[in-house]
Amino acid sequence: RHARQNRRRHPCIPNAPTTRGHTASPAPQSGPPLTRPPCRKWAKMAHKALNLKGLSDLAAPARTPVTLPSGHTLDVEVMVSPQDRAMGLMFRPSLPEDKGMLFIFEYSDFHGIWMKNCKFPIDIVWLDEDRRIVHVAESVPPCKADPCPAYEPLRRARYVLELNAGQARREGAVVGATLSFQLPR
């Protein structure tokens, strides 16, 4: 009975510690007995966090200019966090011709990109640490059904640039070409 009491968890949040900050443990607890956590308080905080009025207060992604081999410069959103990279261009109806999205990874690898919940085809351009193009996937279609395929480069890449379908070829963004951009601080 005592071991079962020590395994009690926060009833509002699965796998969360108890209200005193203890995780499940077979060791006996000392101190005051556990009390019912304030679930309504958690619900109110979650509601405020998800409130649409509060979305305007969230920080917008960093932006930086990227100069393509043709000399044309795009204003790109920079995706650094795993959450931003996972979201990418999902649910957007289109991408203006003078815009793009740059994914920055911590290290070079075979970073896969998928098209889940994307509404339009894009070109995906992988770049190494020197900003040299190592692979291009042209006119990648939106994913129509799960499981969505992942598109990967043939060589390790540190950066990925997403453009409108056909734009990579028009702007001379081919394997071996170099792009120019500054990383945001």
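Throughout, a residue's number is its position along its own chain's written sequence, starting from 1. Side-chain atom pairs in this predicted model are given and counted only at pLDDT of 80 or more, local residue features only at pLDDT of at least 70, and totals for whole chains, interfaces and linings cover all residues. Side-chain metrics in this entry use all non-hydrogen atoms of the structure; hydrogen atoms and water are not considered.

Participant: Just checking my understanding: could you explain the packing of aromatic side chains for this structure?
Facilitator: To describe a pair of aromatic rings, one takes the distance between the centres and the angle between the planes. Any Phe, Tyr or Trp ring, taking Trp's six-membered ring, that has another such ring centre within 6.5 Å forms a pair; planes under 30 degrees apart are called stacked, those over 60 apart edge-to-face, and the others tilted. The full count for this structure, using the stated rule, is 1 aromatic pair. An angle of 85° between the planes, with centres 5.2 Å apart, marks the rings of Y159 and F181 as edge-to-face. Taken together, the residues Y159 in strand β8 (residues 157-164) and F181 in strand β9 (residues 180-181) connect sequence positions 22 residues apart. The pair Y159 / F181 is uniform in exposure class, with both members buried. The aromatic ring of F181 is capped on one face by R131, whose charged end is 4.5 Å from the ring centroid. For helices the rule is a DSSP run of H or I covering at least 4 residues; for strands it is a run of E covering at least 2, with both sets numbered from the N terminus onward. In this scheme, a residue with accessible area under 20% of its type's maximum is buried, one over 50% is exposed, and one in between is partly exposed, where area comes from a 1.4 Å probe on protein chains only. Consider the ring centre and the ring normal. A charge sits over the ring if Lys NZ or Arg CZ is within 6 Å of that centre and within 35 degrees of that normal.

Participant: Help me out: how do you make sense of the pairing of strand β3 (residues 99-109) in this one?
Facilitator: Regular strands have side chains that alternate between both faces of the sheet. Two strands qualify as a pair provided DSSP detects at least 2 bridges between them. Sheet topology note: the strand β2 (residues 73-79)/β3 ladder contains 5 bridges and is parallel. When the bridges of β3 are listed, V76 appears paired with G100. As defined by bridge partners, β3 adjoins β8 across 5 bridges and the pair is classed as antiparallel. From the neighbouring strand, I104 faces β8, where its bridge partner is Y159.

Participant: What is the right way to read the nonpolar core from this model?
Facilitator: Generally speaking, soluble globular proteins have nonpolar side chains that are buried together. Among buried residues, the Ala, Val, Leu, Ile, Met, Phe, Trp, Tyr and Cys ones that are joined through side-chain atoms within 4.5 Å form a nonpolar core. Grouped together as the largest cluster of nonpolar side chains are 20 residues, with contacts concentrated most on L89, F103, M115, I122, I124, W126 and V160. Residue assignment for this core shows that the elements contributing at least two residues are β3, β5 (122-127), β6 (133-140) and β8. In terms of nonpolar packing, the next biggest core, distinct from the first, is built from 18 residues, L68, I104, V125 and L163 among them.

Participant: I tried to follow the state of the cysteines on my own but got confused; where do I start?
Facilitator: Between two cysteines, a covalent bond joining their sulfur atoms is known as a disulfide. Note that a disulfide, as used here, is simply two cysteine sulfur atoms within 2.5 Å. Here the structure, examined in full by the defined rule, presents 1 disulfide. Linked covalently through their sulfurs, C143 and C148 form a disulfide whose S-S length is 2.0 Å. Taking the sign of the torsion about the S-S bond as the criterion, the disulfide between C143 and C148, at about -90°, is left-handed. Residue C148 is classed as buried on the basis of its relative accessible area, which comes to 15%.

Participant: Hey, could you run me through the side chain of E171 in this one?
Facilitator: Note that E171 resides in the loop between α4 (167-170) and β9. Positive charge is attributed to Lys and Arg, negative charge to Asp and Glu, and no charge count is given to His or to the chain ends. Any carboxyl oxygen of Asp or Glu that lies within 4 Å of a side-chain nitrogen of Lys or Arg is treated as forming a salt bridge with it. Buried charge without a partner: E171 forms no salt bridge, and the closest opposite charge is R170, 5.4 Å away. Pairs of N or O atoms are called polar contacts if they sit within 3.5 Å, as long as, within protein, a hydrogen donor faces a hydrogen acceptor (for residues adjacent in sequence, only side-chain-to-side-chain pairs). Within polar-contact distance, the side chain of E171 engages the side chain of H72 at 3.4 Å. Any two residues having at least one pair of non-hydrogen atoms within 4.5 Å are treated as being in contact. The residues touching E171, leaving out its near neighbours within four places in the chain, are L68, P69, S70 and H72.

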